[in-house]
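Secondary and tertiary structure notes
Below are the chains, spelled out letter by letter.
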Amino acid sequence: MTGRRDTTGSAGSRLLGVSALVGVAVLLLFAFVLTDPDVRVHPTTGEEFGQFDAVRLLYLHVPMAVLTYAAYILCAAASVGYLVRRTPWWDVTAYAAAEVGTVFCGLVLVTGSIWGRPVWNTWWEWGDVRLMTTLVLFLLFLGYLALRRTTVDPRHQARRAAVVALVAVLDIPLVNRSVEWWENRTLHQQSTLAELKIQDLTLFTLMLGFVVFGLVAAWLLLHRFRVGWLEQAAAEHGVAMAIAERHAELDMPDVDAAVGDAGDGP
Amino acid sequence: MREVFADALLIAAKDLRIEARSRVLVNQVAPFALLVLVLFGFALDADQRTLRTFAPGLFWVAVLLASLLAVQRSTSLEHADGAHTGLRLSGMAPSSVFLGKAAAVFVQLAVLEVLLVVGIVVLYGSTIEDPLLLVVSGLVAGVAVAATGTLYGALASGLGVRETLLPILLLPVLAPVLIGATRAFDDALGAAAVDGWAWLGLLVVFGLVATVLGALAHGALIED
Amino acid sequence: MTHLAYLVAGWGIALVVLGVYGFGLLRRGRRLTGQVPAGQRRWLTSPGDDGRGG
């Protein structure tokens, strides 16, 4: 396996990928089979209430939400790193974190909406602070990715993107504040979790969710980073090859020196 | 420090002089903003009570849409005839260029806001209950929009797709301004019972952060 | 099980999207690796792996 050179995989990332896949399978087992639905009994009326089986969506939704914010913080940190150091490593890291974070963020919004329909009885709740903040965050990073996809000198793009990421993350507390004052209510009571009959197994499954989706995110980040790195290397290599060709046309004797190690490529 | 502001004044005066001669704001941006108000009227079925209730929000949506045009115009000034090269060679600090351009956009937005207030009073039947709050929050939100818009205008400048990129970059960032300014106007126009002055605090914070960040970041965006 | 449709939709969409995105990354990586000489493939030049510049 390790002998193959035409992929972005490495021994480490394959191990990570396999553990993530196994982890998802185990998580599915815990989330759907081993844990009980959230059913509570009203102390006086004896009525059953709670989230019932919809709670099983939270083992997916909550870890992904936390990881979304983690990815965006990583993106902002890497953007600062880029503005200070100006090396491609920081830039590629920021791009990778933003893209993976946006995939996660979109899924958080979708799964949250699907969960909200049976539990809150609505697909979308305009007054909810966390919901609206996450939506604005998603839109901000769609803009970031749109900027990233424009064609322009890579160093210019890296600087612009770093500023956009920083502003986006700085904007979040203000969005949060304003939405909170705006409607001054939230369905996302901190209690969504605290209120559950927290059995050991429920809590364990949730923690497992953090670990498993953490592995998935790490695998995606790693591969996205390598793709980004390759994109830059390919662009540079393309320029080097073009220069070499020009030199060859001019019939220069030391073409190999001009190409560098490019001749080793497949 | 004083030099920074003196240079900023020069830049702002230059942009405003160009505006005075070309009259893009008067001939295009202001009519567009009024058109938006009229379209809202059509969309909401010309019921003046509905319109009066939503006037603050409609007002600020119209300002944000018009600000996109003002910002596009402001950045395109620097790209015509390679003017930005001349600006860089002038040796002015990037932060004074930013402050100057933001100030010019702000002045234009302030004129626009006056027009739009007249517009909602005449077309939507709004009444001004608290003129001081209206003026102060209008100005502060104008600073916030102008500073953020100028920063993002610089970000998107020089890209082939800047006309389509600017809105998706700028509008989500301005979400807190839209909410805050709408609430302040809710109070000032008596459209809803909220404490507009409290919202002004949020607008002040946003305006300060946007101005400082823009002045600092502008150098990174236009260097080399 | 209550809310089965919601559960299948939520988990299904999430896992499918992540899977498609992951596979897309692998494919993009495979395509790009061919364009870059082995010495510049960062993770293959690290010690303990096999690709020290060919």
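The model shown is predicted, which means the values in this text are computed figures rather than measured ones. (Residues numbered from 1 in each chain as written. Chains lettered and ligands numbered in written order. Predicted model: local features only at pLDDT ≥ 70, side-chain atom pairs only at ≥ 80, totals over all residues.)

Some details on the overall build of chain B
For clarity, the cut-off: Helix and strand assignments follow DSSP, with helices taken as H or I runs no shorter than four residues and strands as E runs no shorter than two, numbered in order from the N terminus. Two things to know: the radius of gyration comes from C-alpha atoms, and the globule rule equals 2.2 Å times the number of residues to the power 0.38. Burial is judged by counting other C-beta atoms within 10 Å of a residue's own C-beta: 20 or more means buried, 12 or fewer means exposed, and anything between counts as partly exposed, with every C-beta placed from the backbone.
Secondary structure summary: chain B contains nine helices and zero strands in total. Secondary structure elements of chain B, listed N to C terminal, follow the sequence α-α-α-α-α-α-α-α-α. Over its C-alpha trace chain B gives a radius of gyration of 18 Å, about what one expects of a compact globule, namely 17 Å for 224 residues. Taken over 224 residues, chain B has a buried fraction of 49%.

A closer look at the confidence of the model for chain B
Residue and element names in this part refer to chain B. Formally: pLDDT expresses how confident the predictor is about each individual residue, on a scale running from 0 to 100.
Per-chain confidence: chain B averages 87 in pLDDT, with 98% of residues scoring 70 or above. Within chain B, helix α6 (residues 131-156) carries the highest mean pLDDT (93), whereas helix α4 (residues 83-89) carries the lowest (72). Of the two predicted TM-score estimates for the complex, the pTM is 0.84 and the ipTM is 0.85.

Observations regarding the packing of helix α3 (residues 48-79) of chain B against helix α7 (residues 162-173) of chain B
Residue and element names in this part refer to chain B. Rule in force here: Inter-axis angles, ranging from 0 to 180 degrees, are taken between N-to-C directions of lines fitted to C-alpha atoms, where helices are fitted over the stretch in contact. Each angle gets one of four labels, with under 35 degrees taken as roughly parallel, over 145 as roughly antiparallel, 65 to 115 as roughly perpendicular, and the rest as oblique. Left-handed describes a crossing whose near helix is turned anticlockwise from the far helix through less than a right angle; right-handed describes the clockwise counterpart. Here, residues touch in the contact sense if the C-beta positions derived from the backbone fall within 7 Å of one another. Each residue is assigned to one of three groups, with Ala, Val, Leu, Ile, Met, Phe, Trp, Tyr, Cys and Pro labelled nonpolar, Asp, Glu, Lys and Arg labelled charged, and all others, Gly among them, labelled polar.
Running from N to C, α3 and α7 point in directions that differ by 130 degrees, and their axes come no closer than 11 Å. If you check the angle between α3 and α7, you find them oblique. For the pair α3 and α7, the sense of crossing is right-handed. Here Leu64, Leu68, Val71 and Gln72 of α3 come into contact with α7, specifically with Glu163, Leu166, Pro167, Leu170 and Leu171. Along the lines of polarity and charge, the residues of the contact of α3 with α7 split into seven nonpolar, one polar and one charged.

Brief notes about the pairing of strand β2 (residues 48-52) of chain A
The two faces of a sheet get side chains in turn, since along a regular strand they alternate between them. Residues and elements named next belong to chain A. The cut-off we apply is this: Strands are labelled as partners when DSSP assigns at least two bridges between them.
In this sheet, β2 lies alongside strand β1 (residues 38-41) in antiparallel orientation, the contact comprising three bridges. When the bridges of β2 are listed, Arg40 appears paired with Phe49. Between β1 and the antiparallel strand that follows it, β2, lie six residues; Gly46 among them carries a positive phi value of about 75 degrees.

Details of the interface of chain A and chain B
When the parts come together, some accessible area is lost, and that loss is often what is quoted as the size of the interface. Facing the 23 residues of chain A at the interface are 20 residues of chain B. Only α4 (129-148) and α5 (154-183) of chain A provide two or more residues apiece to the side of chain A that touches chain B. In terms of residues, the side of chain A that touches chain B owes the most to one element, α5(A), which gives 13 residues. A per-class count over the side of chain A that touches chain B returns 16 nonpolar, three polar and four charged.

Some thoughts on the packing of α6(B) against helix α9 (residues 196-222) of chain B
All names here are of chain B. Packing of α6 against α9 leaves a shortest axis separation of 8 Å and a crossing angle of 25 degrees. Viewed along their axes, α6 and α9 adopt a mutual orientation that is roughly parallel. Judged by the twist between their axes, the crossing of α6 over α9 is left-handed.

Details of the environment of B:Leu69
With respect to the helices and strands, B:Leu69 occurs in helix α3. Apart from the residues within four sequence positions on either side, B:Leu69 is in contact with B:Val29 and B:Phe32.

Details of unusual backbone geometry
At A:Arg86, a residue that is not glycine, the phi angle is positive and equals roughly 60 degrees. Among the secondary structure elements, A:Arg86 is positioned in the loop between α2 (58-85) and α3 (88-119). By C-beta crowding, A:Arg86 is classed as partly exposed, having 14 other C-beta atoms within 10 Å. The residue B:Arg23 is not glycine, and still its phi comes out positive at about 55 degrees. Secondary-structure assignment places B:Arg23 in the loop between α1 (2-22) and α2 (24-43). For B:Arg23, a count of 12 C-beta atoms within 10 Å translates into the label exposed.

A look at α7(B)
Because the α-helix completes a turn every 3.6 residues, residues three or four places apart line up on one side. Selection rule: To estimate the expected span of a helix, count its residues, drop one, and scale the result by 1.5 Å.
The end-to-end C-alpha distance of α7(B) is 17 Å, a good match for the 16 Å that twelve residues give at a rise of 1.5 Å each. Buried residues of α7(B): B:Leu166, B:Leu169, B:Leu170, B:Leu171, B:Pro172 and B:Val173, and no others.

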